[in-house]
Structure formats: C-alpha cells, structure tokens
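Structural overview for review
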Amino acid sequence: MNEKLRRLLTPEGVRDLLPDLAEEKRVVETKLQEVFRRFGYREVSTPAFEYAASFVTASAGSLEEKMYRFPDERGRMMILRPDFTVPLARLAATHLAGESRPLRLCYGGSIYRHASGHVTRRREMAQAGVELIGGHCAGSDAEVVALAVTSLQELGLGQFTVCLGHVGFLQSLLETHEINGKAGEQARDYLNSKDFVSLREMIQGLPLTDFARECLLQVPALRGGREVLAAAAKLVPGERGEAALAVLDEVYQIIDDYGLARFVTLDLGLVRDMDYYTGMVFEGFTPGMGFPLCGGGRYDNLLGFFGPEQPAVGFALNIDHLLVVLQRLRELPGGRKLTFVGYGEAGRVQALTLAQDLRRQGTGVIVDLTVRPREEAELEGERLGAARTYYVPGNTMVLEGEAILDG
Amino acid sequence: MAEMNWLTLALAKGRMLPPAIDLLEKAGIDCGSLREMSRQLQFADDRNCLRFILAKPADIPTYVEYGVADLGIVGKDVLLEQERELYELLDLKIGLCRLSVAKRAGSGDFAGGHVATKYPRITERYFQEQGRQAEVIKLHGSIELAPCLNLAEAIVDLVDSGKTLQENDLEEVETIARITSRLVANPGSYQVKGERVGWLVASLAAAVAGGESETGC
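Residues numbered from 1 in each chain as written. Chains lettered and ligands numbered in written order. Predicted model: local features only at pLDDT ≥ 70, side-chain atom pairs only at ≥ 80, totals over all residues. Heavy atoms only, no water.

Examining the overall build of chain B
A tally of helices and strands in chain B yields 9 helices and 11 strands. Put simply, chain B has 217 residues, and 50% of those count as buried. A fraction of 68% describes how many contacts in chain B between residues 6 or more apart in sequence connect residues 24 or more apart. As displayed, chain B has an accessible area near 10100 Å², and 48% of this comes from carbon and sulfur atoms. Distance from the positive charge centre (24 side chains) to the negative charge centre (32 side chains) of chain B: 1 Å. (Helix = DSSP H or I, 4+ residues; strand = E, 2+ residues; numbered from the N terminus. Buried < 20%, exposed > 50% of the residue type's maximum accessible area, 1.4 Å probe, protein only. Contact = heavy atoms within 4.5 Å. Areas by Shrake-Rupley, 256 points an atom, 1.4 Å probe, with all protein chains shown as cover. Lys, Arg positive; Asp, Glu negative; His and termini not counted. Charge placed at Lys NZ, Arg CZ, Asp CG, Glu CD.)

Considerations on the packing of helix 6 (residues 167-176) of chain A against helix 7 (residues 181-192) of chain A
Residues and elements named next belong to chain A. Close contact between helix 6 and helix 7 brings their axes to 11 Å; oriented N to C, the two are set at 140°. The angle between helix 6 and helix 7 falls in the class oblique. Here helix 6 runs over helix 7; the crossing is right-handed. Facing helix 6, whose interface residues are L170, Q171 and L174, helix 7 presents G184, A187, R188 and L191. Looking at the contact of helix 6 with helix 7 residue by residue, the classes come out as 4 nonpolar, 2 polar and 1 charged. (Axes fitted to C-alpha atoms, helices over the stretch in contact; angles between N-to-C directions. Parallel < 35°, antiparallel > 145°, perpendicular 65-115°, else oblique. Left-handed = near helix turned anticlockwise from the far one by under 90°. Nonpolar A, V, L, I, M, F, W, Y, C, P; charged D, E, K, R; others polar.)

Considering the pairing of strand 1 (residues 7-12) of chain B
Residues and elements named next belong to chain B. A large share of strand 1 lies buried, amounting to 6 of its 6 residues. The alternating pattern of strand 1 places L7, L9 and L11 and T8, A10 and A12 on opposite faces, both of which are buried. Judged from the 6 bridges that link them, strand 1 and strand 3 (residues 50-55) form a sheet pairing that is parallel. Bridge pairing in strand 3 links L11 to L54. (Pairing = 2+ DSSP bridges.)

Quick word on the interface of chain B and chain A
Contacts between the two partners involve 26 residues from chain B and, on the opposite side, 24 residues from chain A. Here chain B and chain A share an interface that buries about 2000 Å² over both sides, 53% of which is from carbon and sulfur atoms. On inspection of chain B and its partner chain A, the count reaches 0 salt bridges. At the junction of chain B with chain A, the criterion picks out 5 residue pairs in polar contact (both at pLDDT 80 or more). (Buried area = accessible area lost by both parts, 1.4 Å probe. Salt bridge = Lys/Arg side-chain N within 4 Å of Asp/Glu carboxyl O. Polar contact = N/O pair within 3.5 Å; in protein donor to acceptor, adjacent residues only side chain to side chain.)

A closer look at the nonpolar core
Among the nonpolar cores identified, the biggest contains 155 residues, and A:F36, A:L164, A:F315, B:L89 and B:L183 are the most heavily contacted of them. Here the element with the most residues in this core is helix 5 (residues 137-154) of chain A; it accounts for 9 residues. One finds B:V115, B:Y119, B:F127 and B:V156 within the second-largest nonpolar core, a separate group that totals 13 residues. (Core = buried A, V, L, I, M, F, W, Y, C linked by side-chain atoms within 4.5 Å.)

Some remarks on the domain arrangement of chain A
Residue and element names in this part refer to chain A. The domains assigned to chain A are domain 1 (10-160 + 286-335), domain 2 (170-263) and domain 3 (339-405). Relative to domain 2, the C-alpha centre of domain 1 lies at a distance of 27 Å. On the side of domain 2, 9 residues touch domain 1, which itself brings 14 residues to the contact. Summed over both sides, the interface of domain 1 with domain 2 buries roughly 890 Å², with 78% coming from carbon and sulfur. On the surface where domain 1 and domain 2 come into contact, there are 0 salt bridges. Linking domain 1 with domain 2 are 0 residue pairs in polar contact (both at pLDDT 80 or more), by the criterion used here. In the side of domain 1 that touches domain 2, the residues fall into 8 nonpolar, 4 polar and 2 charged. (Domains from an automatic or database assignment.)

Here we look at the pairing of strand 9 (residues 154-159) of chain B
Residues and elements named next belong to chain B. Along strand 9, 5 of the 6 residues are buried, which leaves the element largely enclosed by surrounding structure. Where strand 6 (residues 97-104) meets strand 9, 6 bridges bridge the pair, whose relative direction is antiparallel. Residue pairing for strand 9: R98 is matched across the bridge by V159. Where strand 7 (residues 113-117) lies against strand 9, 3 bridges are found, and the strand directions are parallel. Its bridge partner lying in strand 9, T117 is registered against V156.

Considering the domain arrangement of chain B
Reports often express the size of an interface as the amount of accessible area lost when the parts come together. All names here are of chain B. Looking at the assigned domains, one finds that chain B contains domain 1 (3-95 + 180-208) and domain 2 (97-179). Taking only C-alpha atoms into account, the centre of domain 1 sits 29 Å from that of domain 2. Both faces considered, domain 1 and domain 2 share a buried interface measuring about 980 Å² in area, 47% of it formed by carbon and sulfur atoms. When the buried surface of domain 1 facing domain 2 is broken down by residue, D77, L80 and E81 rank first, second and third, together holding 57% of it. Taken together, the links from domain 1 to domain 2 amount to 2 salt bridges. Notably, a salt bridge pairs E83 with R125, separated by 3.3 Å at the nearest N-O pair. At the junction of domain 1 with domain 2, the criterion picks out 7 residue pairs in polar contact (both at pLDDT 80 or more). Here the side of domain 1 that touches domain 2 gets 4 residues from one element, more than from any other, and that element is helix 4 (residues 76-82).

Details of the packing of aromatic side chains
Two descriptors summarise a pair of aromatic rings, namely the distance from one centre to the other and the angle between the planes of the rings. Residues and elements named next belong to chain A. The full count for this structure, using the stated rule, is 10 aromatic pairs over all chains. Look at F49 and F70: their rings are 5.7 Å apart centre to centre, the planes differ by 70°, and that puts the pair in the edge-to-face class. Of this pair, F49 sits in strand 2 (residues 49-51) while F70 is found in strand 3 (residues 69-71), placing the two residues 21 residues apart along the sequence. Residue F49 is classed as partly exposed on the basis of its relative accessible area of 45%. (Phe/Tyr/Trp six-rings, centres within 6.5 Å; stacked < 30°, edge-to-face > 60°.)

Considering the packing of helix 2 (residues 19-38) of chain A against helix 5 of chain A
All names here are of chain A. Put simply, helix 2 and helix 5 touch, their axes get as near as 10 Å, and they point 140° apart. Our classification of the angle between helix 2 and helix 5 gives oblique. Crossing handedness for the pair helix 2 and helix 5: right-handed. Of helix 5, the residues touching helix 2 (which contributes K31, L32, V35, F36 and R38) are L147, T150, S151 and E154. Of the residues in the contact of helix 2 with helix 5, the class split is 4 nonpolar, 2 polar and 3 charged.

Quick notes on the sheet that holds strand 6 of chain B
Residues and elements named next belong to chain B. The strand order across the open sheet formed by 5 strands is 8-7-9-6-10, and the pairing between neighbours is mixed. The sheet is open, and its two edges are formed by strand 8 (134-138) and strand 10 (170-179), each paired on a single side. The mean inter-strand angle of the sheet, taken between neighbouring strand axes irrespective of direction, is 30°.

As for helix 5 (residues 120-129) of chain B
Given 3.6 residues per helical turn, the α-helix brings residues three or four places apart onto the same face. All names here are of chain B. Within helix 5, burial applies to I122, T123, Y126 and F127. An end-on view of helix 5 places all buried positions within 115° of arc, on one side of the element. Facing away from the buried side of helix 5 by more than 90 degrees, the exposed set consists of Q128 and E129. Its buried side turned inward, helix 5 meets helix 4, strand 6, strand 7, strand 8, strand 9 and strand 10. Of the residues trailing helix 5, G131 is marked for its positive phi of about 70°. (Arc of directions from axis to C-beta.)

Written out as structure tokens, the structure is:
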C-alpha cells in the first residue's frame, strides 16, 4: 500500500462508524447500561492501557498472545486493554476493597486484540458487561445469566439461546476417566471449537476402557433442558463433576423462577476461551451468527491476584456482533426527525431564539448558516430531509409563532 | 411451517455432489429436485423442511460462517486451508482421498524448493513445522503440470487413485492428511436450532453407518 492510500484508510480490523451505525451503537449501549442499572449495577470505567504485568499474571496465558503491547515513555511495558474482567477485578480488589459485598459493577467500552485467522477479524471490539463480586454462588450465577437474557430481550432480539455449562464438570470427567495432561487439554480444545470429528478420532486412539470411551463420546450430546443433568450424572463425572451438576441444577431452577428458562439450553460440552473461569460458563447465540453475542462465567481465583480471594461472576455483550444482528432485524434509525430554521435579513435573532426554545423542548433543530430568501431556505430544508421547516423573514417584530411560516 | 424449523444446507458442486446426494437420500432426505441437474442453485425438501444451496467447494465455509446456510458439507482439505470458526459435527466418510506431497518420479528426495499447490496455507504450515524451506506457488488447477514445466520441484494436491500423478510422471512421497467430507455448522444455528441440527446429525450418522432413518419435522 502506498503512503497516500495509507493516509486515507484505517488499518484492517478497525473501522470508522458513520452516522447511522454510530447512532445505533450509542442507542444499544445506552439501553444496555439502563438494563444493568435496573438490576442495581453501577457503572465504572478503567483506562484503555495498563501495566502489562497485571494482565499477564491474571489472565494466565489465554490472552497472552493476543495483547497489544508497547513501551511507555519510561520504557515500562504497557498493554492495550484486551478484556474488561481483569481490570474490573483489579479495581474491585483495590479501590473498592472496603465496599460491602456483593458488589455489582458494570462497564462499557472497547477492547483490543490481535486478529487471528486469514479472514479479517476485528481488532477493536466494543463491549458492555457486568461483574458481580462476592455473592452467593448459584444466586449470583443465575442473576448474571438472567441479566444477559434480559439484555438481549430488551434489545429486541427474538430468537436467541443462552447455553449454560460448567468447567468443573468436564475437568472432573476427564480426570475420573484418566485423560490427563496433553490429551485432556486436546479434548477440551476440541470441545471448545466443537470439532467433534477430531474429538472422536482422538478418543478412539486413546488407551481407554470401552466405558470411558463411551462416556466421553456422549459429552457433545449433553445439550437441552434439565434432563441433561441426569444424563450427565450417568457418565461418572467424579465428585467435583457431581458438585458442578448440582450447581447447574440450582442455577437452572432460579432462571426458571425468573420465567426465563425457555431462553436457556444446558450444554455440558461448553468450554470458553479464557483460562480464568472456574465454574459456570455461558454464551449467547442467535441463528445465522457465527460468533457469540455474549459470554461470561464464574472466575473465583482472579481477584486473588490483586488482593484477598473473592468469588465473582460476570459477562460481556459483544456490541459489534449485536449491531450486525440488529441491522438484519430492522432498519437503522435513519430518517431523523429534524426541524430546519431559516431566516431573512435581520431575522436571525428570532430564528436563533426559536431554535434554542425548540432544542430545550428536545427537538432536533438545524439552523441555517446564512441569510437566504424564503424559497431557497425551503429547498435547503427539503435537501436536509427536515420534517418541518420554519422561516423568519426578519424586519418584523414577531411574537413567537406569528409571521413564522410552517414549511 | 415456521422459519425456525427450516435448515439450509450448503453443498459443493462438482465431483463431491453425487456421493453427498446418495448419502442424504440414504438418510431419508428427498433429493429429487437436486438430481434433476438443472442450472438452478437452490432446492428444497418440503417434507423435511430442508433447503439446499449449491456452491463452489471453497465458498461453502463462507456461506456457513456468515449464516447464509446453517450447515454445509465440505471437504476437510477446504477446512484445513481456511481455518474458519465452524463446528465440525460429523465425518461423512465420502470423498475419501489424501492430501499429499508428490515429486517427479525418480528425482532425489525433496529437501526444499518450490512447491506448487491449490493449498498455500496448508503447504506453508506443513513444511514450516518440519523445518524445511519451501517456496509456495499458488495455482488454481492442473497442479500436476508444474514439475513437468520446471515451475516447481514438488506439488501438494489431493490424491485419489494416484492415476493422474502416474500419467504426469509424478510419485507420491508424503501424506499430509487423510481427507473426507465433513458436516459443518454455523455456531449460532447449531445452538439455537439444536433439535433440528441434532436430527440431521443423527440421520446422517445412521446413513454413514449404513442404516435408514425417519423424517424429521
């Protein structure tokens, strides 16, 4: 690419948002913060860059290769925020260490990660989400899932499913059937990417009993309603696995009490990318969208990196993916309801007074930038797509509304 | 019938289509409209609430990733080359072949040099992992010609019987991967249309294993 072109374009993976889309993004973000507020969450904000050290230790490797790093003017290593959960854990463990628990926090903003794969992926992604810190386990898990479902409903999404799993179930199942080390990791990776063909091939190749093999091959099929939990218990998932199933049972019951169970699918093969999850995990999907709309889970060890250990759970919505889905569902706001005010010689005072009055009442008003004859002003109003046009001819003392022509 | 109940399946045109149709029919899916070899690119099986799209093999992952199709049937070679975010649900065991390295018969071992292929990413990765230097030359077809014309010392391509290689005086020296067709799914469709996808996977799995199955909507 030559220098001239480079000056005109943004790098791949980041983008400018033009009026309609930028407005829709703002509407979505505002609505989400409002839903979070109604659940008692309070907004916080963290810096776009931080010390690399906080992230590298806390996220335990899963984000390591995807972070943008740079030295600051004193040569200290910084990272561009790749995630909100780690900074919020830091904030909760430091500035808000003295606040009573449970602590309900929410946020919105951009995260930055290296693009992977050969198709251009976003390198800057907008998120909004919540973290619930120091609360009772199942109650918190269920509240956060209910909040995710409510958020998607409030945005007007019709068809979506939130899949619910638990990292403890799979860990314990693999250990109980003695699939450890590299094979265990590989099995988790295959389940994470839902590559059932490779999973099957790998399991066939391992020196396992027929029973163990059968148990593992069943995992992808453990999806659906509550009956899945009973089916999962039959696979001998071990003590921690059974504890995980008990948690999911309680969480599912609470979500049902919310009246939201129809939006939730249990999926015991669900694994999420981040290594910091320790309990329930979930992801939200809509048909035809290849990426999750939201995702989250429990991370009970993360706050321990910054202070005393505290249980915590949270989730984030991916605004960019939501915008794609919403664009498909309905027209972007577009056709803004605007009023245009034009004026003739000496009509400016009244015109500007009128515009300011209308603006105070909440109307969007564009004021002409120069004196024009009435016909031209009317044309200009039309060109701007104004719903109404006023014209103040001037040279006349006018009472409000008088001598003002309605276009 | 609600739209929620319909599944769209993307199929590859060409050599892979007849075995895919055979398998779908064995799974109890009506492919009558597909068999009529017209120029049309969209078909439906109303009884099973299934729609079919025909596309070039390399485009199938795109259709599925962007959600135009809920599912697709595509060769593992294409999946390996493209590395998309798709769920790989089932090995359909059709279109069996190998992705192999071949060189001119009788020439010395291939230690490095130019390699012609339709699969530049797989090729680059394969030689890199082995610490061999290979300069990849991307071609769109007639790969076997490259060594004869001294464009490359070796090629990476799909090998079925090996007859084409022989006819061009080439010999297969290394197998990179065993290739078959796979059933892939869009993650969102897989999660939200779980029951329907589950039905199709079960029907196809039974057909692969040699059984019959019932209609599904």
